[in-house]
Amino acid sequence: MPVDPQLRNLDIEIPTQPEVLVKLSLLMAAEDIDLQAMSSLVETDMALAAAVMKAVNSSLYGLRGRVQTVHQALTYLGMREVAAITFEMGLRAAFPAAVELESVWSRASQRGLLMGRMGQMLGVDPWAAHSAGLFEECGKAVLYRHAPTHYPAMLRAATRDAELVELERTAFGVSHDALGAALCESWGLAPAAVASVRHHVEIQATLTMPESLARRSVAAISTVAWALLNHPDQLDDIASQIAPQAQLDETLVLRAARRVNEQLLAAQEHGR
């Protein structure tokens, strides 16, 4: 999906993909993924490896015993989840540390894991789903870096992302969903992930997928994950509206959402 060419005329910098993530993307694209090569690659960047290990040992994953190496993490969690954690840490490192962004990164971790596992259960590309969840709000970090004095006030003022994008367009001429999609595309994420990030605010606000959206399954999983995390009492209704628009079975979508949510809650309980 092409990103709006008007973005190229704006004075807002999209961070380049770190070299280690470029190499990781190539490994993930291989037919037979070399786990040793993946662990060695991550471990070449000491700061990144340390961040990955800290995330792996967090309560979000609830692993029994402390994981000491990236290779151990791959054994326990699998290549996709370790690769996603590495992408998450690389994404965070591309932006300045800021208290205002901590909630953005926290939601990214949980949403990415939820979407990746749902994708796996539903036969939808789990890497595309996981990365779409991780990058969904990354455009907010782009705008924070661009306007660290003014943007936090917008984050505080908006009660919903639909309101936030209007404030962003007025102030900057672009919104975080478009910037997030541009970053996803420049970092080589799957077209389905780019499309999900580009349209997530609109779909969450209207529960209607735009006619132009060709790749819909990841966007549908994104919307169901959003409902589960923010409006669990409306999950059934939202899934019934969204799933058919992506040719997904509503019953299977709900089953996957609830099962993965139970897994995450159990992991967090175990990790305490």
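This text goes with the structure placed above it.
Residues numbered from 1 in each chain as written. Predicted model: local features only at pLDDT ≥ 70, side-chain atom pairs only at ≥ 80, totals over all residues. Heavy atoms only, no water.

Student: Looking at this structure, I do not really get the overall build of the chain. What am I missing?
Tutor: Of regular secondary structure, the chain possesses 15 helices and 0 strands. In terms of C-alpha radius of gyration, the chain reaches 18 Å, essentially the compact-globule figure of 19 Å for 272 residues. Overall, the C-alpha framework of the chain stretches about 50 × 45 × 35 Å when taken along its three principal axes. Scored against the burial criterion, the 272 residues of the chain give a buried share of 52%. Distance between charge centres in the chain, computed from 22 positive and 31 negative side chains, equals 4 Å. (Helix = DSSP H or I, 4+ residues; strand = E, 2+ residues; numbered from the N terminus. Rg over C-alpha atoms; globule rule 2.2 N^0.38 Å. Buried < 20%, exposed > 50% of the residue type's maximum accessible area, 1.4 Å probe, protein only. Lys, Arg positive; Asp, Glu negative; His and termini not counted. Charge placed at Lys NZ, Arg CZ, Asp CG, Glu CD.)

Student: Just checking my understanding: could you explain the packing of helix H8 (residues 138–146) against helix H10 (residues 161–172) for this structure?
Tutor: If you want to describe how two helices pack, look at the angle between their axes and the distance between the axes. As a packed pair, H8 and H10 sit with axes 13 Å apart at the nearest point and diverge in direction by 35°. For H8 against H10, the interelement crossing comes out left-handed. On H10, the residues touching Lys-140, Leu-143 and His-146 of H8 are Asp-161, Leu-164, Glu-168 and Phe-172. (Axes fitted to C-alpha atoms, helices over the stretch in contact; angles between N-to-C directions. Left-handed = near helix turned anticlockwise from the far one by under 90°. Contact = heavy atoms within 4.5 Å.)

Student: Mind showing me how you'd approach helix H2 (residues 35–43) here?
Tutor: At 3.6 residues per turn, the α-helix brings residues three or four places apart onto the same side. The complete set of buried residues in H2 reads Met-38, Ser-39, Leu-41 and Val-42. The buried side chains of H2 occupy one side of the element, clustering within an arc of 160° when seen end-on. Turning to H2, the residues buried within the fold contact helix H1 (19–29), helix H3 (46–56), helix H4 (70–77) and helix H5 (79–93). (Arc of directions from axis to C-beta.)

Student: I'm lost on the nonpolar core in this one. Help?
Tutor: Note that soluble globular proteins tend to have their nonpolar side chains buried in a common cluster. If you look at the biggest cluster of nonpolar residues, it comprises 95 residues, and the most contacted ones within it are Met-118 and Phe-135. Take this core: its biggest share by element is 9 residues, from helix H13 (residues 217–230). Those residues in contact with Phe-135 that sit more than four places away from it in its chain are Phe-87, Leu-91, Leu-183, Cys-184, Trp-187, Leu-189 and Val-197. (Core = buried A, V, L, I, M, F, W, Y, C linked by side-chain atoms within 4.5 Å.)

Student: What exactly am I supposed to notice about the packing of aromatic side chains here?
Tutor: Aromatic rings considered in pairs are described by the distance between their centres and by the relative angle of their planes. A complete count under the given rule lists 4 aromatic pairs for this structure. When the centroid spacing of 6.1 Å and the interplanar angle of 35° are considered together, the rings of Phe-95 and Trp-105 count as tilted. Separated by 10 residues along the polypeptide, Phe-95 in the loop between H5 and helix H6 (99–122) and Trp-105 in helix H6 bring together distant segments of the chain. The buried category is assigned to Trp-105, whose relative accessible area is 4%. For the ring pair Tyr-151 and Phe-172, a centre distance of 6.2 Å and an interplane angle of 55° mean the geometry is tilted. On the criterion of sequence distance, the pair formed by Tyr-151 in helix H9 (residues 151–157) and Phe-172 in helix H10 is long-range, its members being 21 residues apart. (Phe/Tyr/Trp six-rings, centres within 6.5 Å; stacked < 30°, edge-to-face > 60°.)

Student: Can you walk me through the side chain of Asp-177 in this structure?
Tutor: Here Asp-177 lies in helix H11 (residues 176–186). The buried category is assigned to Asp-177, whose relative accessible area is 3%. Non-local contacts of Asp-177, meaning those with residues more than four positions away in its chain, are made with Val-165, Arg-169, Val-197, Arg-198, His-200 and Val-201.

Structural measurements only, silent on function.
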